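# Descriptive analysis of the structure
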There are 2 protein chains.
Amino acid sequence: MSSENGRSPVMADVARLAGVSHQTVSRVLNGHPNVRPETQARVQAAIEQLGYHRNSSARALVTRRTNVLGVVTFDTTLYGPASTLSGIERAAREAGYFVSIVTLTDISRASVREALDYLAEQSVEGCIVIAPQRAAVESLTDVSVARPLVAVEGGRAPGLPVVCVDQVGGARAVTEHLLGLGHRTVHHVAGPMEWLEAEGRVQGWREALEAAGAPIPEPLRGDWSPRSGYEIGLRLAEDPRITAVFVANDQMALGVLRALGEAGIRIPEEVSVAGFDDVPEAEFFTPPLTTVWQNFSDVGRRSIRLLVDQIDRRARKGSAGATETEEDLRDVVPARLVVRASTAPVQLR
Amino acid sequence: MSSENGRSPVMADVARLAGVSHQTVSRVLNGHPNVRPETQARVQAAIEQLGYHRNSSARALVTRRTNVLGVVTFDTTLYGPASTLSGIERAAREAGYFVSIVTLTDISRASVREALDYLAEQSVEGCIVIAPQRAAVESLTDVSVARPLVAVEGGRAPGLPVVCVDQVGGARAVTEHLLGLGHRTVHHVAGPMEWLEAEGRVQGWREALEAAGAPIPEPLRGDWSPRSGYEIGLRLAEDPRITAVFVANDQMALGVLRALGEAGIRIPEEVSVAGFDDVPEAEFFTPPLTTVWQNFSDVGRRSIRLLVDQIDRRARKGSAGATETEEDLRDVVPARLVVRASTAPVQLR
DNA sequence: CTGAAAGCGCTTACAG
DNA sequence: CTGAAAGCGCTTACAG
């Protein structure tokens, strides 16, 4: 695999073996035209014989392109971020980029900046930040960032392209579904205030209630965990006027189902429960959960497209300086209601 | 942030501003001794004033080190791989490495090779393959790999360092727990044959039954999904002799719980059910699931340590050639039984 | 269609 | 303690 003297082969070794100059090897490697077919074949043969791989650092040094994209993400063991990351990675590879990731453990402004600086040291050509918290988004707009950037689930941010799922629309759809079943109103178990997705879902829920002229109860706040859903569920069980609950994610919905179940409340006969995310398990909860599906691979694809567009545009202009203010790019991916057995027409409790 | 003429600043710009040569800047950046404190301060000031970042490609070209590690993983929306990836990423960063990931969609020998070749083009210094399938491991041993490699959940492979959770021990513990509750035997819902983790769990279960002199039923095969657990659960529900089921992961266990529930079978009064993984939801299943916890962040830490050790050893020897056969490194992380409400002493059904 | 030359931005001995 | 020189392995005009 390596050349005779033990080090890995370089372009010059290939050139020598093929009886050409190293520029010709470079041309073959880069698919330039103007190489005689037989020369090309000789070079290819030499490359294979030596097991030659182009040195990516040398190439990056001269082309000023690393072909690396950075992704900053938060807690990849949550279903949403994990699915998004996976979609991003696939789309990036298809676009010819490598993906370097940093997982955040805490979500302060400082830690996001730190992650971006860290990725900058690796000379990434652009970054995607999966940062659904308010603090994260602010940390992105605070400083004029030197290189292309896309926020996923980022909320509205001036000059920062954003790709997000239509949280508001999804929440509205699930709330309307519950109202349509005859429920007088719908209670809401929300995610943490700092999370933009949590706010979007609150907003959609509120809009649907307002449009229907239904009473708007105070939302109860969980932290996305099944445990928080369970604890809130215990409280919900005590109020007999509650007949419908929209929970901001499936994990918390699981906790709510469990708490209501323990209290002897039958679902959906006495209380309807709906979630958000459509995790693979949701279909097998007891009962199977009505929820909202998000197209994460689409989110990945679109965010890579937005990022690569920025990179290409900048490359064409040849400017490494500040970006001129771009129009507010905001790509909203629709959400889809999935109706299962945890929601039903209202009955007396 | 950039130098006057619009391009990003280079070492020479810093040198000029600080009134030193660019070598001195390099020394400061690399923390070399033998730089006068005041020179160092001047250089630091110039670096900050210009917003200078060292060009990583140029550095990698001359040091022959990219500081990038590759991770090949399979379906990061599964709890195990996602948690492992997250542990690896954190440990790598602490060790001063960047992490470049490739997510596999199918798990053929060819796709693993392709992913490794892809990472090789980025000049990663070593790779971790989270590849719990037989085919993946074989693809790693098949070809003598040019650079350091560690397999996670890889089974026994000659010359290939492996970090894995003690699947056999975990499965034995959960089976012994069920036998200890008085069950005559324990049925098993296994994962797919190609998965080494599935096989380890079958083995531990079988060993425990053999040691107890209990009958050994044929394991039923699922595909890790809740749906497959559900379908197998429907069959289990029909056999009244079954009183205890060990399911190879929590997602399938959820499906089993659901199927038994639909059949009117009470858990754990009539049938005990246990899982494996301890996903965050497991505690909130109905009933809360007895399962086995795996320390994924430890797996991440240990696999990075093994990989970095290999890299350092190679760097010291200065050999880029073939690795000499190393002792079979195999780092086994213990698993821990977590008893909850889904398992109970045997009763008549 | 192909080669000789310059240069990308660093680090690493080597002098002093 | 600091600088002049060489070189890492490529690509990119520029000749021919």
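Now for a look at the structure at hand. The structure displayed is predicted, hence computed values, not measured ones.

Residue and element names in this part refer to chain B. In this structure, Ser272 sits in strand 9 (residues 272-274). In this structure the side chain of Ser272 is engaged in a polar contact, spanning 2.9 Å, whose partner is the backbone nitrogen of Ala344. Once you skip the residues sitting within four places of it in the chain, Ser272 turns out to touch Leu178, His183, Thr243, Ala244, Val245, Ser342, Thr343 and Ala344.

This part takes up the packing of helix 10 (residues 226-237) of chain A against helix 11 (residues 250-262) of chain A. Residues and elements named next belong to chain A. In contact at an axis separation of 6 Å, helix 10 and helix 11 are set at 40 degrees when each is read in the N-to-C sense. Of the possible angle classes, the one that applies to helix 10 and helix 11 is oblique. The two elements helix 10 and helix 11 cross, and the hand of that crossing is right-handed. In this structure, helix 10 uses Pro226, Ser228, Gly229, Tyr230, Gly233, Leu234, Leu236 and Ala237 to contact helix 11, whose residues at the interface are Gln251, Met252, Gly255, Val256, Arg258, Ala259, Leu260 and Glu262. Grouping the amino acids of the contact of helix 10 with helix 11 by side-chain chemistry returns 9 nonpolar, 5 polar and 2 charged.

The local shell around DNA strand C holds 27 residues, among which A:Gln23, A:Arg27, A:Thr39, A:Arg64 and B:Ser26 are the closest. Sugar and phosphate atoms represent 62% of those atoms of DNA strand C found within 4 Å of the protein. A:Thr24 places a side-chain nitrogen or oxygen 2.8 Å from a phosphate oxygen of DNA strand C. Between DNA strand C and A:Thr39 there is a distance of 2.4 Å, counted from a phosphate oxygen to a side-chain nitrogen or oxygen.

With that settled, consider the relation of the copies chain A and chain B. Least-squares fitting of chain A to chain B yields an RMSD of 0.0 Å, with the transformation described by 0.0 Å of translation along the axis and a rotation of 180 degrees. Viewed as a symmetry operation, the transformation between the two copies matches a two-fold axis.

Taken together, 27 residues sit near DNA strand D, with A:Ser26, B:Gln23, B:Arg27, B:Thr39 and B:Arg64 positioned nearest. The backbone of A:Asn55 places a nitrogen or oxygen atom 3.5 Å from a phosphate oxygen of DNA strand D. Of all the elements, helix 4 (residues 56-63) of chain A adds the most residues to the surface near DNA strand D, at 5 residues. Split by residue class, the surface near DNA strand D holds 10 nonpolar, 11 polar and 6 charged.

Residue and element names in this part refer to chain B. Judged by pairing direction, the sheet is parallel, and its 4 strands sit side by side in the order 7-6-8-9 without closing on themselves. Of all strands in the sheet, those with a lone pairing partner are strand 7 (220-221) and strand 9, marking the two edges. Packing against the sheet, helix 8 (residues 167-180) makes contact with strand 8 (244-247) and strand 9, and its axis sits at approximately 165 degrees to strand 8. Packed on one face of the sheet, helix 11 (residues 250-262) meets strand 6 (187-190), strand 8 and strand 9 and runs near 160 degrees to strand 9.

Moving on: helix 2 (residues 22-29) of chain B. All names here are of chain B. Listed in full, the buried residues belonging to helix 2 are Thr24, Val25 and Val28. When helix 2 is viewed along its axis, its buried side chains cluster within an angular range of 105 degrees and face the same direction. Buried-residue contacts for helix 2 involve helix 1 (11-18) and helix 3 (37-50).

All right, on to a negative patch on the surface then. All names here are of chain A. On the surface, a cluster of negative charge is made up of Asp106, Glu114, Asp117 and Glu121. In this structure, Asp117 sits in helix 6 (residues 109-121). By relative accessible area, Asp117 is classed as partly exposed at 36%.

Cis geometry marks the peptide bond from A:Thr286 to A:Pro287; its omega dihedral reads -5 degrees. That bond from B:Ile267 to B:Pro268 is cis: its omega, 5 degrees, falls within 30 degrees of zero. Relative to the helices and strands, B:Pro268 resides in the loop between helix 11 and strand 9. One non-glycine residue with positive phi stands out, namely A:Asn67, at about 60 degrees. The topology assignment puts A:Asn67 in the loop between helix 4 and strand 1 (68-74). Residue classification places A:Asn67 among the partly exposed residues on the basis of a relative accessible area of 25%.

Parameters and conventions
- Residues numbered from 1 in each chain as written.
- Chains lettered and ligands numbered in written order.
- Predicted model: local features only at pLDDT ≥ 70, side-chain atom pairs only at ≥ 80, totals over all residues.
- Heavy atoms only, no water.
- Helix = DSSP H or I, 4+ residues; strand = E, 2+ residues; numbered from the N terminus.
- Polar contact = N/O pair within 3.5 Å; in protein donor to acceptor, adjacent residues only side chain to side chain.
- Contact = heavy atoms within 4.5 Å.
- Axes fitted to C-alpha atoms, helices over the stretch in contact; angles between N-to-C directions.
- Parallel < 35°, antiparallel > 145°, perpendicular 65-115°, else oblique.
- Left-handed = near helix turned anticlockwise from the far one by under 90°.
- Nonpolar A, V, L, I, M, F, W, Y, C, P; charged D, E, K, R; others polar.
- Near = heavy atom within 4 Å.
- Least-squares fit on C-alpha atoms with pLDDT ≥ 70 in both.
- Pairing = 2+ DSSP bridges.
- Buried < 20%, exposed > 50% of the residue type's maximum accessible area, 1.4 Å probe, protein only.
- Arc of directions from axis to C-beta.
- Patch = residues over 30% accessible without salt bridge, like charges linked within 9 Å, V, L, I, M, F, W, Y side chains within 5 Å.
- Areas by Shrake-Rupley, 256 points an atom, 1.4 Å probe, with all protein chains shown as cover.
- Salt bridge = Lys/Arg side-chain N within 4 Å of Asp/Glu carboxyl O.
- Lys, Arg positive; Asp, Glu negative; His and termini not counted.
- Charge placed at Lys NZ, Arg CZ, Asp CG, Glu CD.

Read these as spatial facts, not as claims about activity.
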